Amino acid sequence: QGLIFSGIQPTHGIHLGNYLGALRNWVTLQESHRCIYCIVDQHALTTLQDAAQMRRNIHEVAAAILASGVDPKRSALFVQSSVAAHARLAWVLNCVTPMGWLNRMTQFKEKAGKHRENAPVGLFSYPVLMAADILVYRATHVPVGEDQKQHLELARDIAAIFNRKFESEFFPQPEPLILGEATRVMSLRDGTKKMSKSDTSDMSRINLTDDADAIAQKIRRAKSDAILGISFDRENRPEASNLLTIYAALAGSTRAEVEREYAEASFSDFKGRLADLAVEKLAPIAGEMRRLLADPGYLDSILEDGAAQARAVADPVLAQVHELVGFPRP
Ligand code: AQP
């Protein structure tokens, strides 16, 4: 039946893209699978180096995950740095991964920018730690948005090279699960750019903490085009396509159904309906997040309990890796 692993960074401003591309699928998958969900603070440290902000973000992301419907009684939810096996396995994997593989990662190129010499080593080796996150549970399936597909392919290659070098079939090949209609939610200001936490414009994204007024305002002001009727055409109508996709994902319907319904609608009518739908679906999450954030002790207890469950799976796997490479058992 397999084991699901997925992670999310505690970088500020968890948004609709994270919700539709990841969190919502996390909730569905716990119905059918054993799931391990991780707040990856060690990844976030590659770009966020402010202790107070990191602590706040960990709570915010934990609250968002729980408010979205992840049930800590069914799924383990914890913080990456609390389970040492991730970093310990990452070192072993760093030693078998060729640099050339990492040189091809487009996210590093985007995030490092022009001054690559100044980028932290951790940003470069980020995909190796991500492979360790998955493989330390010998996870078989990894729900992600489309932007993480390349990293997941690398994790498969790393599993294979480890198995080859140490003559084992130890690690399974993790499969990406790219689910739902909205696998790549785009910016509300530019339909060709991914909705992202690091976009400087707050109007480009719907944050899960936004209240009803903010959600409605951002949708009403979202970029649109002058063509009558709403249709899906990523090339020529990126903004219409994005809003249509968001609508379908939130309504639990397909793009084709939404296209049929709004084939003759004006943008302003469509945006009004989308705003109502988004408020109906998202405002309760913001409300529940506020309630959870008022009780940080409760959040910490969930995360500690999740870490204990995660260690119980990861530590024996790390012990076997130590055995395979010739280290003393941890
Ligand atoms: N726009 C998106 N559409 C669909 N899925 C998305 N994800 C992120 N953005 C979108 C998915 O959310 C999960 C958690 O991702 P992460 O914590 O690694 O965040 P990220 O990809 O770093 O998010 P951002 O907003 O893109 O951050 P920055 O701006 O720092 O790069 C993953 O499953 C991801 O696919």
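Above this note sits the structure.
Predicted, not measured: the structure shown is a model, and the values here were computed from it. Each chain has its residues counted from 1, following the order in which its sequence is written. The model is predicted, so local features are restricted to residues of pLDDT at least 70 and side-chain atom pairs to those at 80 or more, both for listing and for counting; the totals for chains, interfaces and linings are taken over all residues. Side-chain numbers come from the whole structure's heavy atoms, not from hydrogens or water.

Student: Please explain the site of the ligand as it appears in this structure.
Tutor: Around the ligand there are 21 residues in total, and Asp-147, Lys-194, Ser-196, Lys-197 and Ser-198 lie nearest to it. One of the side-chain nitrogen or oxygen atoms of His-15 is found 2.7 Å away from an oxygen atom of the ligand. Contact distances for the ligand include 2.6 Å between an oxygen atom and a backbone N or O atom of Lys-197. Methods summary: accessible areas were calculated by the Shrake-Rupley approach with a probe of 1.4 Å, and residue burial reflects only the protein chains presented. The protein chains hide 95% of the 650 Å² of surface that the ligand would expose on its own. Segments assigned H or I by DSSP are reported as helices when at least four residues long, segments assigned E as strands when at least two residues long, and all are numbered from the N terminus. At the level of elements, strand 1 (3-8) and helix 1 (16-29) are the ones that each hand at least two residues to the shell around the ligand. Of the residues forming the shell around the ligand, the biggest block, four residues, is contributed by helix 1. The cutoff for a nearby residue is simple: one of its non-hydrogen atoms must lie within 4 Å of the molecule or strand. Contacts described as polar in this section are N or O atom pairs within 3.5 Å, which, within protein, must combine one atom able to donate a hydrogen with one able to accept it, while residues neighboring in sequence count only if both atoms come from side chains.

Student: So what exactly am I meant to see when it comes to the pairing of strand 2 (residues 34-39) here?
Tutor: Two faces belong to every sheet, and in a regular strand the side chains alternate between them. By the criterion of burial, strand 2 is predominantly enclosed, with five of the six residues buried. Two strands qualify as a pair provided that DSSP identifies no fewer than 2 bridges between them. Inspection of the sheet shows strand 1 paired to strand 2 by six bridges, in the parallel sense. From the neighbouring strand, Phe-5 faces strand 2, where its bridge partner is Ile-36. A clockwise course of the path from the first strand over the helix to the second, judged with the strands pointing away from the viewer, identifies a crossover as right-handed. Running through helix 1, the crossover from strand 1 to the neighbouring parallel element strand 2 is right-handed. Where strand 2 lies against strand 3 (residues 76-79), four bridges are found, and the strand directions are parallel. When the sheet's bridge partners are listed, Ile-36 is paired in strand 3 with Ala-76. Each residue is placed in one exposure class: buried if its accessible area under a 1.4 Å probe, protein chains only, is under 20% of its type's maximum, exposed if it is over 50%, and partly exposed if it falls in between.

Student: Even after reading the chapter, I still don't get empty space enclosed by the protein, so can you show me in this structure?
Tutor: Taking a probe equal in size to a water molecule and rolling it over the atoms shows the remaining empty space. Put plainly, a pocket is an open set of points on a 1 Å grid over the protein atoms alone with protein on both sides within 12 Å along at least five of seven lines, a cavity is a set where a 1.4 Å probe fits but cannot get out, and a lining residue has an atom within 4 Å of a point. Grid points are joined across faces, edges and corners, and a volume is the space filled by probe spheres set on the points. Scanning all chains against the criterion turns up one cavity of 30 Å³ or more. In this structure, the largest cavity spans a volume of roughly 40 Å³. Lining the largest cavity, in full, are Met-105, Gln-107, Phe-108, Lys-111, Leu-123, Tyr-126, Pro-127 and His-151. Contributions of two or more residues to the lining of the largest cavity are made by helix 6 (106-112) and helix 7 (121-135). The residue makeup of the lining of the largest cavity, split by class, is five nonpolar, two polar and one charged. Residues are sorted three ways: Asp, Glu, Lys and Arg are charged, Ala, Val, Leu, Ile, Met, Phe, Trp, Tyr, Cys and Pro are nonpolar, and all the rest, Gly among them, are polar.

Student: Help me understand the pattern of salt bridges in this model?
Tutor: Side chains carrying opposite charge are able to pair once their charged atoms draw close together. When a carboxyl oxygen of Asp or Glu is within 4 Å of a side-chain nitrogen of Lys or Arg, the pair counts as a salt bridge. With the rule as written, the count across this model stands at 14 salt bridges. One salt bridge connects Glu-175 with Arg-156, and the closest N-O pair in it is separated by 3.6 Å. Of this pair, Glu-175 sits in strand 5 (residues 175-177) while Arg-156 sits in helix 8 (residues 149-165); the two residues are 19 residues apart in sequence, bridging distant segments of the chain. Residue Glu-175 is classed as partly exposed on the basis of its relative accessible area, which comes to 37%. Residue Asp-202 pairs with Arg-205 through a salt bridge whose shortest N-O separation is 3.7 Å. On the basis of relative accessibility, which here comes to 37%, the residue Asp-202 falls in the partly exposed class. We classify Arg-205 as buried; its relative accessible area is 8%. A single salt-bridge network, built from bridges that share partners, covers Asp-202, Arg-205, Asp-210 and Lys-218.

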